[in-house]
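Architecture and fold: a report
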Amino acid sequence: MQNEPGGNISKLDGVDPLSTILPMMPILQGESFVSWVSRFARVQCDMSAKEFSSFVRIPLQDLARTRDNAVEQMYQLTGIPAERLTQGGYKQLAFRYYKHREEEFHSEFVAGNRVSYCPQCILNDISDCPESLRMPVGKINWAFSPVRTCPVHSVPLVREPGRGRGNLFLDLAAHMPDEAQLAKLAEIGKQRRVSELQSYLEARLEGRPGPEWLDGQLIDLASRASEMLGACIAFGPNANLPNLSQEDWDLAGAVGYEFTKRGPEGVREGLEAVQSKTPCSKIQAGPQGVFGVLYQWIQFKKNRKPIGPFREVFREHILETMPIGAGTILFGEPVLQRRRHSVASLSQKFGVHPRTVQNALMVADLLPAGYDAKRDFGAIDVACAEDLLRRMRRSVPISEVPKYLGCKRPQVAQLIEAGMLKPIAGCRDGRRSIAQGVDANDLDNFVNRLRNFGQPVSEPSEGVLGIANAAEALKVPAVKIVELLLQRQLTGVQLLDEELRYQSVLVDVAEVGEKLGCRTGSPGKSISDVARKLGLSVTSVDFLLRTPPEGMEPVLKICGQTRHMGQMRDLVSPASVDRFKLDYQKITDVATRMATTVPEARRKLKSRGILPVWEPKTAGVELYRTSEF
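Residues numbered from 1 in each chain as written. Predicted model: local features only at pLDDT ≥ 70, side-chain atom pairs only at ≥ 80, totals over all residues. Heavy atoms only, no water.

**Details of the overall build of the protein**
- Within the protein, the secondary structure is distributed over 32 helices and 21 strands.
- The globule rule puts the C-alpha radius of gyration for 629 residues at 25 Å, and the 49 Å found for the protein is more than 25% above it.
- The principal-axis extent of the C-alpha atoms belonging to the protein is close to 175 × 50 × 40 Å.
- Counting every position in the protein, which comprises 629 residues, the buried fraction comes to 47%.
- Counting contacts in the protein only where the partners sit at least 6 residues apart, residues at least 24 apart contribute 63% of the total.
- With the model as given, the accessible surface of the protein reaches about 32000 Å², and the carbon-plus-sulfur share is 50%.
- Once the 81 positive and 74 negative side-chain charges of the protein are each reduced to a mean point, those two points are 7 Å apart. (Helix = DSSP H or I, 4+ residues; strand = E, 2+ residues; numbered from the N terminus. Rg over C-alpha atoms; globule rule 2.2 N^0.38 Å. Buried < 20%, exposed > 50% of the residue type's maximum accessible area, 1.4 Å probe, protein only. Contact = heavy atoms within 4.5 Å. Areas by Shrake-Rupley, 256 points an atom, 1.4 Å probe, with all protein chains shown as cover. Lys, Arg positive; Asp, Glu negative; His and termini not counted. Charge placed at Lys NZ, Arg CZ, Asp CG, Glu CD.)

Rendered as C-alpha cells:
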C-alpha cells in the first residue's frame with residue numbers, strides 16, 4: 001500500500017533536516033525532475049544533490065533516470081503528484097531505450113555525458129526569478145540531443161562535458177560557471193532561430209501532431225534521418241561527421257527536415273539533390289560513391305538500433321535509380337531483382353560495345369537527348385533495356401529484311417511505313433545504329449500471321465497470285481492486301497511451301513479487288529495492256545470494245561473494271577483478246593503473210609472482194625477477217 005506523503009524520513013547526525021519543511025516547492029513548467037530535486041535539496045536541506053540522495057537513500061542513477069521508486073519517494077516527501085514529476089524526466093524501458101511522456105527513443109537521443117544550458121536563462125533564474133528561488137533551473141528538453149537552440153532567447157545552447165560521473169544534470173549549479181562567465185557567454189552568443197526540426201520535436205514531446213510520415217516513427221529515428229540527410233546535402237556526401245559542430249548539426253537538421261517533413265516523396269527529392277551534386281569521378285563507384293556517409297550509416301552499421309522508415313525509402317530510391325544487380329546485399333538484405341541498368345552494366349551483361357548500347361538506347365528514347373556518359377547513374381528501366389538488347393542480338397538489318405522475308409525492298413518499305421514491321425527503335429535526330437534493324441522474331445511472327453489461315457496447295461489456282469503480283473495487277477499498294485490478310489477478310493487464300501515465306505501466301509485477285517473496291521467483274525487486262533499485246537492504239541481498242549461488226553457482238557469484251565489513278569477503268573476479257581487474235585488480222589500482217597507490200601496486199605484483197613471489217617479511218621486500224629482468206 002502506498003504511504004501517505006510525509007512518511008518516515010532518515011535523519012542526518014540525529015537531526016531531521018526536514019523537521020521544519022518549507023512550503024511546497026513546485027516543479028516549474030518545462031523543468032527537469034533532476035533539476036527540481038537539486039533545487040529542493042538546497043532549499044529544504046541545504047544539501048547538494050549527492051548529499052540529498054544519500055540522506056533519503058535514493059540512488060543518484062534512480063533520480064537521474066526518473067525511476068518509479070525515486071518518483072514515489074519524492075511524492076511521499078513533497079506531495080507533488082507522481083505524474084507531474086514524471087513529466088520532467090525520461091524513464092528507462094530497456095537497455096539503451098527510454099521514454100519521456102508518450103515518446104519512446106534510443107539512448108542517442110539524449111545528450112549523454114554533457115550538460116546543456118542557455119546562459120541567459122540561467123542568468124535570469126539566479127538574478128530576478130522568484131519562482132526559481134534564484135537557483136539555476138534545468139529544462140528537460142535541454143537533455144535531448146537535437147535541441148540545440150533556446151526558443152526563448154534564440155541563442156545556441158551551451159553544451160559541454162560534465163564534471164565527474166554519475167551526477168550529470170542532478171546538480172546543475174555544480175556545473176555552472178560563475179555569474180560573470182555566464183554573462184560573457186550570454187553576450188557572445190550569436191542569434192539563431194530555432195530550426196523547424198527542433199520546433200517539431202519539442203511540439204511532439206508535448207503531444208502535438210506533426211507531419212504524418214515523421215509522426216509514424218520513433219522520435220529519435222525521425223530526428224536522426226533528418227539530420228543525416230541534411231548533413232549529406234549541406235556538407236556533401238563525404239562530410240567528416242565527427243568533426244561537425246553543434247551548429248553544423250543544427251543546420252543539417254534544418255536542411256533535412258525540409259525534405260523529410262514531406263514524407264517519402266520529399267526524402268527521394270533530397271536524395272536526388274545529393275545525386276545531382278555528385279562528382280563524375282564518384283558516380284561509377286556505386287551508391288557508396290554517390291551517397292557517401294549517408295549510405296555507410298545504414299550499410300555498415302554495427303548495432304541493432306533500427307534506422308526507421310527512412311531506410312526503406314532510401315533502399316527503394318537506390319534500386320530505382322542505380323544499377324544494383326540481383327544478389328547484392330543492400331542494407332542487410334539481398335536484392336532479389338535488378339531494376340535499373342546503366343550503359344556500362346548493359347554492355348557488360350550482353351557483351352555489346354558501350355557506344356553501341358548508348359546509341360541504341362538513345363534511338364529507343366530510353367536515354368535523354370542530353371545524355372552525359374560521365375553522369376550515368378544507371379536509371380534505365382531493366383525490362384525495356386534488356387528487351388532492347390535481346391532484340392538487338394536477333395536484329396536483321398533493314399537492308400537484309402527483303403531477303404529474309406522473300407520480297408522486294410519497296411514492299412518492306414511499305415510494311416515499315418504502315419507499322420506492320422517495326423524497327424527495333426525509331427530514328428531520332430538523324431542518329432542510326434544497329435537498332436535500325438528488325439527483330440527476327442518479329443519477322444517470323446509477321447509471316448506466321450500471314451499464314452495463319454488458308455488452304456495449302458502445291459500449285460496455285462487460276463486467278464490466284466502472290467501478294468506482290470496481285471498488288472501489281474490491281475494497281476494497289478501491297479500493304480492493302482496484307483491488311484486484308486491480317487484482318488482475315490479474305491476467303492480464297494492459298495498457301496505454298498512455308499519456305500517461300502512472304503511469297504508463299506496467295507490471294508484471289510478478284511476477291512481482293514472487290515474487297516478493296518478497286519475491281520469489279522472478272523479479272524481481265526487493261527486497255528493499254530491489250531493495245532500493246534495486239535499492236536493497236538488505245539483508241540482502236542476502245543473502238544473495238546464499243547463497235548461490233550454488223551450483226552455481231554463486239555469482238556473485244558469488257559469483263560470488269562479496275563481502279564487506276566483514282567478512276568475506274570475497263571478491263572478486257574483475256575479470252576476475247578485471244579479470240580480476236582485468231583479471227584482478225586491487220587493489213588500489215590496480211591502483207592507480211594503474202595510477202596508483198598501493204599498497197600499490193602490491199603489491191604489483191606479488193607480484187608477478190610475482201611474488204612476491211614470496219615472503215616479504217618473510223619477504227620484507226622485496217623482489219624480483215626481471217627476466215628475470208
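On we go from here.
**Focus on the environment of Ala383**
- The residue Ala383 is located in helix H20 (residues 382-393) in this model.
- Note: C-alpha distance between Ala383 and Arg338 (45 residues apart in sequence) is 9.4 Å.

**Regarding the packing of aromatic side chains**
- Within this structure, the stated rule accounts for 20 aromatic pairs.
- Here the aromatic rings of Phe291 and Phe314 are separated by 5.0 Å at their centres, their planes lie at 85 degrees, and the arrangement is edge-to-face. Taken together, the positions of Phe291 in helix H15 (residues 287-291) and Phe314 in helix H17 (residues 309-321) put the pair 23 residues apart, joining distant regions of the chain.
- For Phe314, a relative accessible area of 0% puts it in the buried group.
- Seen from their ring centres, Trp297 and Phe310 are 6.0 Å apart, and the 45 degrees between their planes marks the pair as tilted. With Trp297 in helix H16 (residues 293-299) and Phe310 in helix H17, this residue pair connects regions lying 13 residues apart in the sequence.
- Trp297 sits in the buried class, given a relative accessible area of 18%.
- In this structure an aromatic cluster arises from ring pairing among Phe291, Tyr295, Trp297, Phe300, Phe310, Phe314 and Phe331.
- The positively charged end of Arg224 is found above the aromatic ring belonging to Trp249, 4.8 Å away from the centroid. (Phe/Tyr/Trp six-rings, centres within 6.5 Å; stacked < 30°, edge-to-face > 60°. Lys NZ or Arg CZ within 6 Å of the ring centre and 35° of its normal.)

**Details of the pattern of salt bridges**
- By the definition in use, this model includes 35 salt bridges.
- A salt bridge links Glu196 to Lys261; its shortest N-O distance comes to 3.4 Å. Residue Glu196 is located in helix H9 (residues 196-205), and its partner Lys261 is located in the loop between helix H12 (246-260) and helix H13 (263-276); the two are separated by 65 residues in the primary sequence.
- The residue Arg339 makes a salt bridge to Glu316 at a minimum N-O spacing of 2.6 Å. On the criterion of sequence distance, the pair formed by Arg339 in the loop between strand E7 (333-334) and strand E8 (340-341) and Glu316 in helix H17 is long-range, its members being 23 residues apart.
- Residue class for Arg339 comes out partly exposed when judged on its relative accessible area of 27%.
- The structure contains a network of salt bridges with shared partners spanning Glu316, Glu320, Arg339, Arg340 and Asp381. (Salt bridge = Lys/Arg side-chain N within 4 Å of Asp/Glu carboxyl O.)

**Topic: the nonpolar core**
- Counting 66 residues, the largest nonpolar core has Phe291, Leu294, Phe310, Phe314 and Ile318 as its most contacted members.
- For this core, the element with the most residues is helix H11 (residues 219-235), which contributes eight residues.
- Apart from residues lying up to four places away in sequence, Phe314 is in contact with Leu271, Phe291, Leu294, Tyr295, Ile298 and Phe331.
- Among the nonpolar cores identified, the runner-up in size contains 35 residues, and Ala440, Phe446, Val447 and Leu474 belong to it. (Core = buried A, V, L, I, M, F, W, Y, C linked by side-chain atoms within 4.5 Å.)

**A word on the packing of H9 against H11**
- Where H9 meets H11, the closest approach of the two axes is 11 Å, and the angle between their N-to-C directions is 180 degrees. Considering their axes alone, H9 and H11 lie roughly antiparallel with respect to each other. Of H11, the residues touching H9 (which contributes Leu197, Leu201, Arg204 and Leu205) are Ile219, Ala222, Ser223, Ser226 and Glu227.
- When the residues that make up the contact of H9 with H11 are grouped by side-chain class, the tally is five nonpolar, two polar and two charged. (Axes fitted to C-alpha atoms, helices over the stretch in contact; angles between N-to-C directions. Parallel < 35°, antiparallel > 145°, perpendicular 65-115°, else oblique. Nonpolar A, V, L, I, M, F, W, Y, C, P; charged D, E, K, R; others polar.)

**Here's the deal with unusual backbone geometry**
- Positive phi outside glycine occurs at Thr66, with the angle close to 55 degrees.
- Secondary-structure assignment places Thr66 in the loop between helix H3 (60-64) and helix H4 (68-78).
- Here Ser154, not a glycine, exhibits a phi torsion of approximately 55 degrees, which is positive.
- Positionally, Ser154 belongs in the loop between helix H6 (119-128) and strand E5 (158-161).

**A few points about H9**
- The buried fraction of H9 is high, at eight of ten residues.
- Along H9, the residues that are buried comprise Leu197, Gln198, Tyr200, Leu201, Glu202, Ala203, Arg204 and Leu205.

**Quick look at the sheet that holds strand E18 (residues 558-564)**
- On the basis of which strands lie adjacent, the open sheet formed by four strands has the order E16-E18-E19-E17 and antiparallel pairing. The outermost strands of the open sheet, each flanked by one partner alone, are strand E16 (519-521) and strand E17 (525-526).
- Taken together, the two bridges between E17 and strand E19 (residues 567-572) define a ladder with antiparallel strand orientation. Its bridge partner lying in E19, Ser526 is registered against Leu571. (Pairing = 2+ DSSP bridges.)

**Points about the side chain of Glu227**
- The residue Glu227 is located in helix H11 in this model.
- If we skip the residues at most four places from it in the chain, Glu227 touches Pro146, Arg148, Leu197, Trp249, Ala252 and Gly253.

**Looking at the side chain of Ser195**
- Turning to its location among the elements, Ser195 is positioned in the loop between helix H8 (179-188) and H9.
- Ignoring any residue separated from it by four or fewer positions in sequence, one finds Ser195 in contact with Asp250 and Ala254.

**Here's the deal with the sheet that holds strand E13 (residues 464-466)**
- One open sheet accounts for four strands, arranged E12-E14-E15-E13; its pairing is mixed. Only two strands of the sheet have a single neighbouring strand rather than two, namely strand E12 (455-456) and E13.
- Sheet analysis places E13 next to strand E15 (residues 505-508), joined by three bridges and oriented antiparallel. Note that in E15 the partner of Val464 across the bridge is Asp508.
- With respect to the sheet, helix H24 (residues 467-474) is in contact with E13 and E15, its orientation differing from that of E13 by roughly 110 degrees.

**Side note on the pairing of strand E1 (residues 91-94)**
- Here E1 pairs with strand E2 (residues 97-100) via three bridges, running antiparallel. Within E2, the residue paired with Lys91 across the bridge is Lys99.
- Connecting E1 to the antiparallel partner E2 that follows it, the hairpin turn spans two residues, and Arg96 within it adopts a positive phi of roughly 60 degrees.

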